[in-house]
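Each chain, letter by letter, is given below.
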Amino acid sequence: MSQPKTQVDLDLLSINTIRTLAIDAVQQANSGHPGAPMGLAPVAYALWQRFLRYDPADPIWPNRDRFVLSNGHASMLLYAMLHLTGVRDVSPDGKVLDKPSLPMEEIKRFRQLDSKTPGHPESHLTAGVETTTGPLGQGCGNSVGMAIASKWLGANYNRPGLELFDFNVYAMCGDGDLMEGVACEAASLAGHLGLSNLCWIYDHNHVTLDGPAAWSFSEDVMTRFVGLGWNVTRVADANDLEMLGRAYQMFLKTTDRPTLIVVDSHIGYGSPNKQDSSDAHGEPLGEAEVKLVKRNYGWPEDAKFLVPDGIYDHFKNGIGKRGAEARAAWTAKFDEYKKQFPQLADQLQRMQNFQLPDGWDKDLPSFPADAKGMATRESSGKVLNALAKNIPWLIGGSADLAHSNKTNLTFEGAGDFFANEYRGRNLHFGVREHGMGAAVNGLSVSRLRAYSATFFNFSDYMRPSMRLAALMETPSIFIFTHDSIGLGEDGPTHQPIEQLAALRAMPNMIVLRPGDANEVVEAYKVIVQLRHSPATLVLTRQALPTFDRAKFAPASGVAKGAYVLADAPNGKPDVILMGTGSEVQLCMAAYEKLKAEGINARVVSMPCWELFEKQDAAYRESVLPSSVTARVSVEMAATTGWERYVGPKGKMIGMHTFGASAPLKDLLKRFGFLPENVVAAAKEVLGK
């Protein structure tokens with residue numbers, strides 16, 4: 001291979017290094033998507049080497065620009081960039097390490113067990129990956145949350161002469177992303193909010209996995225995005241670095257709206273037999289084609305994982321030098337900021353480490369015993385406002401249901417986040433549940449404590465984003481109200497049945513369904529202390545009694561997932577009644593009736609199965625002694641999963657059909673959620 005003689009030669013050599021690393025990794029794994037990295041290599045190269053404000057030596061520097069690969073199947077494009085630019089590794093506790101995130105051996109282990117180069121980028125595995133992508137459109141939605149975070153941080157923390165936050169967010173996406181509904185929702189929200197720090201780069205290559213994109217996609221994307229309020233520009237040749245540079249400059253000069261750069265590219269660029277075909281999309285090129293491609297690139301045909309002399313230095317002198325200078329300038333600014341605004345600086349440092357402020361739990365409400373009580377959505381609103389006063393970076397909003405979800409922050413200074421008014425802490429997501437979930441994850445990976453809210457039934461619209469939050473171990477907060485048939489007349493379209501079971505089946509998702517106002521307080525205490533798990537908080541529309549904690553166990557038992565709320569006089573129950581949420585009161589009413597009949601019952605409130613399963617065997621046995629096999633569970637939801645707690649001799653009272661449209665009292669009667677039914681079930685399992 002001849003040595004590069006000019007800058008143009010060095011650019012092309014760098015681009016072909018990115019391409020061939022992707023080709024070789026996919027070929028060696030015998031699995032992957034080589035075509036997109038081959039086509040997009042110049043686009044990524046131009047951005048990273050010349051425009052991205054990013055320091056590979058500190059990939060968690062707070063004001064770095066974010067790069068999101070929404071078309072995550074092109075993961076080798078990102079892995080090649082992380083390798084060639086020398087991005088450093090980061091420890092699980094957030095320390096930058098003096099070793100590369102992706103050394104060459106990890107590139108060679110692409111898609112292999114326990115490698116840091118999985119088939120789609122995963123942020124909790126690989127330093128330099130900003131967010132987990134793969135399901136198409138999600139990265140687009142995340143990027144909107146990141147752009148909101150930058151605007152919000154700037155509005156709240158920047159001071160004259162000490163502007164700490166103005167990072168830009170670049171998301172690469174393809175036809176598949178733009179077909180997905182989540183990206184459409186996200187684009188609509190971004191245009192509405194005028195997020196001028198957001199740039200989507202659309203890989204317009206006319207190909208999908210099945211074949212030509214024209215088989216399924218013929219819309220005028222540019223006109224659509226103009227209609228959504230975006231600035232739109234086009235680069236007619238993905239290999240034209242000058243035109244790409246002009247497009248990036250145009251984005252940087254646009255101050256009132258997000259930018260879409262449409263890049264006409266060739267999937268599988270340089271492949272004599274597979275360029276511009278779906279054959280280059282989702283499978284290796286094959287050994288013979290790899291040689292032909294390398295010949296086209298002027299590359300040694302038999303060389304594998306070749307990084308020519310001078311390439312590492314080239315990136316070091318480009319993005320490495322620019323990034324180091326930008327970070328050094330920012331660090332100096334932050335040192336001055338710490339002197340002038342120590343409290344704000346302390347907040348920022350805690351935020352970056354997912355730490356809470358001192359006194360985060362002060363002035364939390366405590367609710368007196370009350371037979372009439374209140375809906376858990378009502379108590380949630382009170383607790384959320386108290387916490388948000390104490391945690392200045394707790395922000396969020398609802399999918400056009402804030403007044404119903406009780407998630408509006410109403411204290412003085414909370415404010416609303418609107419276009420060009422970016423200080424407020426109430427976000428208005430509109431009727432865009434999927435986009436909201438993805439944006440909240442983007443806010444969360446930007447280190448804000450972010451929450452979303454809607455009706456529990458619409459968790460189905462948010463589930464892909466919730467699943468990714470659990471997968472990437474980010475502590476997003478998902479608040480849901482109207483949690484059962486208890487919402488009444490809106491009927492079965494709005495009444496959740498199977499959602500609790502589905503979310504409990506999701507690894508690393510903490511699902512909490514509190515049984516009264518004081519359990520809500522304790523649930524929030526659990527949630528805001530999470531660092532590596534998202535939380536789902538499930539709340540009622542209807543009022544629930546507030547239990548007398550002088551008479552029964554304290555609500556602090558919520559932290560252990562399940563606890564004995566009311567016990568048999570001698571601590572030796574004949575039967576155990578278990579419930580969550582609004583059904584705990586049914587267990588309590590049945591407990592009193594059974595006691596009057598001389599039957600010793602124990603009531604166990606089980607607001608969070610996941611936390612209960614994390615307790616040691618001794619604690620679990622103390623709550624649910626194995627010697628007591630007469631057990632009844634009560635929950636207005638599918639009974640799936642309760643069998644592990646009721647055992648083979650127990651009985652489960654739950655939903656086995658969809659709900660109905662009727663007043664609550666009629667629904668409770670129809671579906672059997674009455675104290676006398678719980679009593680009857682208890683007697684049945686006791687053989688009485």
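Placed above this text is the structure.
Now for a quick tour of the structure.

Cut-off values and rules
Counting starts from 1 at the beginning of each chain's written sequence and moves along it residue by residue. In view of the model being predicted, local features appear only for residues whose pLDDT reaches at least 70, and side-chain atom pairs are presented and counted only at 80 or more, with totals across whole chains, interfaces and linings using the full set of residues. Side-chain calculation: all heavy atoms of the structure are included, whereas hydrogens and water are not. Starting at the N terminus, helices and strands are each numbered in turn, a helix being any DSSP run of H or I of at least four residues and a strand any DSSP run of E of at least two. Radius of gyration: C-alpha atoms only; globule rule: 2.2 Å multiplied by the number of residues to the exponent 0.38. Exposed residues in this analysis have more than 50% of their type's maximum accessible area, buried residues have under 20%, and partly exposed residues fall in between, with area computed by a 1.4 Å probe over protein chains only. The criterion for an aromatic pair is that two Phe, Tyr or Trp rings (for Trp, the six-membered ring) have centres within 6.5 Å, with stacked assigned to planes under 30 degrees apart, edge-to-face to planes over 60 apart and tilted to the rest. Pairs of strands are assigned from DSSP output, requiring at least two bridges between the strands. The span one expects for a helix is its residue count, reduced by one, times 1.5 Å. Note on bend: the value at a residue is the angle between axes fitted to the seven residues ending there and to the seven starting there. Axis definition: a line fit to C-alpha positions, over the contact stretch in the case of helices; interaxial angles, taken between N-to-C directions, run 0 to 180 degrees. Orientation is classified from the angle alone, with under 35 degrees giving roughly parallel, over 145 giving roughly antiparallel, 65 to 115 giving roughly perpendicular, and any other angle giving oblique. Definitions for this section: a left-handed crossing has its near helix turned counterclockwise from the far helix by less than a right angle. A right-handed crossing has that turn clockwise. Whether two residues are in contact is decided by their heavy atoms: any pair within 4.5 Å suffices. Under the convention adopted here, Pro, Cys and the residues Ala, Val, Leu, Ile, Met, Phe, Trp and Tyr are nonpolar, Asp, Glu, Lys and Arg are charged, and Gly plus all remaining residues are polar. Any pair of N or O atoms that falls within 3.5 Å is considered a polar contact. Within protein, one atom must be able to donate a hydrogen and the other to accept it, and sequence-neighbouring residues count only if both atoms are side-chain atoms. For our purposes a nonpolar core is just a set of buried Ala, Val, Leu, Ile, Met, Phe, Trp, Tyr and Cys residues, chained together by side-chain atoms within 4.5 Å.

## Looking at the overall build of the protein
Alright, step 1. Secondary structure assignment for the protein yields 24 helices and 21 strands.
Alright, step 2. Relative to the globule expectation of 26 Å for 688 residues, the C-alpha radius of gyration of the protein, 28 Å, shows essentially globular dimensions.
Alright, step 3. Seen through its principal axes, the protein has C-alpha atoms that stretch 95 × 60 × 45 Å.
Alright, step 4. For the protein, buried positions account for 62% of its 688 residues.

## Brief notes about the packing of aromatic side chains
Alright, step 1. Under the counting rule described, the total for this entry stands at 23 aromatic pairs.
Alright, step 2. Ring plane angle 10° and centroid distance 5.3 Å describe the contact between Trp-330 and Phe-334, whose orientation is recorded as stacked. Placement of the pair is Trp-330 and Phe-334 together in helix α11 (residues 311–340), with a separation of four residues, close to one helical turn. The pair Trp-330 / Phe-334 is uniform in exposure class, with both members buried.

## Overview of the pairing of strand β20 (residues 631–638)
Alright, step 1. Burial of β20 is extensive: eight of the eight residues sit out of reach of the surface.
Alright, step 2. For strand β18 (residues 575–579) and β20, the ladder comprises four bridges, and the chain directions are parallel. Note that in β20 the partner of Met-578 across the bridge is Ser-633.

## Some points on unusual backbone geometry
Alright, step 1. Despite not being glycine, Asn-30 shows a phi value in the positive range, around 55°.
Alright, step 2. Mapped onto the elements, Asn-30 comes out in the loop between α1 (7–29) and α2 (35–50).
Alright, step 3. Overall, the relative accessible area of 58% leaves Asn-30 in the exposed class.

## Quick notes on helix α16 (residues 459–471)
Alright, step 1. Relative to the 18 Å expected for 13 residues at 1.5 Å per residue, α16 spans 17 Å between its end C-alpha atoms, a close match to the ideal helical length.
Alright, step 2. Residue Ser-465 marks the point of greatest curvature in α16, where the axis turns by about 35°.
Alright, step 3. Inspection of α16 places Ser-459, Met-462, Ser-465, Met-466, Leu-468, Ala-469 and Ala-470 among the buried residues, and these make up the whole buried set.

## Quick look at the packing of α1 against helix α3 (residues 75–84)
Alright, step 1. With their axes 9 Å apart at the nearest point, α1 and α3 run at an angle of 120° to one another. Looking at the two axes, α1 sits oblique to α3. When the axes of α1 and α3 are compared, the crossing they make is right-handed. Residues Thr-17, Ile-18, Leu-21, Ala-22, Ala-25 and Val-26 of α1 touch α3, and the partners they reach there are Met-76, Leu-77, Ala-80, Met-81, His-83 and Leu-84.
Alright, step 2. Residue composition of the contact of α1 with α3, by class: 10 nonpolar, two polar and no charged.

## Considering the side chain of Asn-205
Alright, step 1. Locating Asn-205 in the fold gives a position in the loop between β5 (198–204) and α8 (221–227).
Alright, step 2. Here Asn-205 falls in the buried class, since its relative accessible area comes to 6%.
Alright, step 3. Looking at Asn-205, its side chain comes within polar contact range of the side chain of Asp-203, at 3.0 Å.
Alright, step 4. A polar contact is formed between the side chain of Asn-205 and the backbone nitrogen of Val-207, at a distance of 3.0 Å.

## Topic: the nonpolar core
General note: in soluble globular proteins, nonpolar side chains tend to be found buried as a group.
Alright, step 1. Grouped together as the largest cluster of nonpolar side chains are 160 residues, with contacts concentrated most on Tyr-157, Trp-200, Leu-577 and Phe-673.
Alright, step 2. Top contributing element to this core by residue count: helix α5 (residues 138–157), with nine residues.
Alright, step 3. In this structure Leu-577 touches Cys-587, Ala-590, Tyr-591, Leu-594, Ala-601, Arg-602, Val-603, Val-604, Val-632, Val-678 and Ala-682, once residues within four positions along its chain are discounted.
Alright, step 4. Counting 63 residues, the second largest nonpolar core, distinct from the first, contains Leu-13, Leu-69, Ala-74 and Ala-238.

## So, the sheet that holds strand β13 (residues 477–481)
Alright, step 1. Strand order in the open sheet formed by seven strands is β10-β11-β9-β12-β13-β15-β14, and the pairing between neighbours is parallel. Each edge of the open sheet is held by one strand with a lone partner, namely β10 (416–417) and β14 (510–512).
Alright, step 2. As paired elements, strand β9 (residues 394–398) and strand β12 (residues 449–455) share five bridges and run parallel to each other. Paired with Ile-395 across the bridge in β12 is Ala-450.
Alright, step 3. Here helix α13 (residues 376–390) sits on the sheet and contacts β9, β12, β13 and β15 (535–538); the angle it forms with β9, its principal contact strand, is near 145°.

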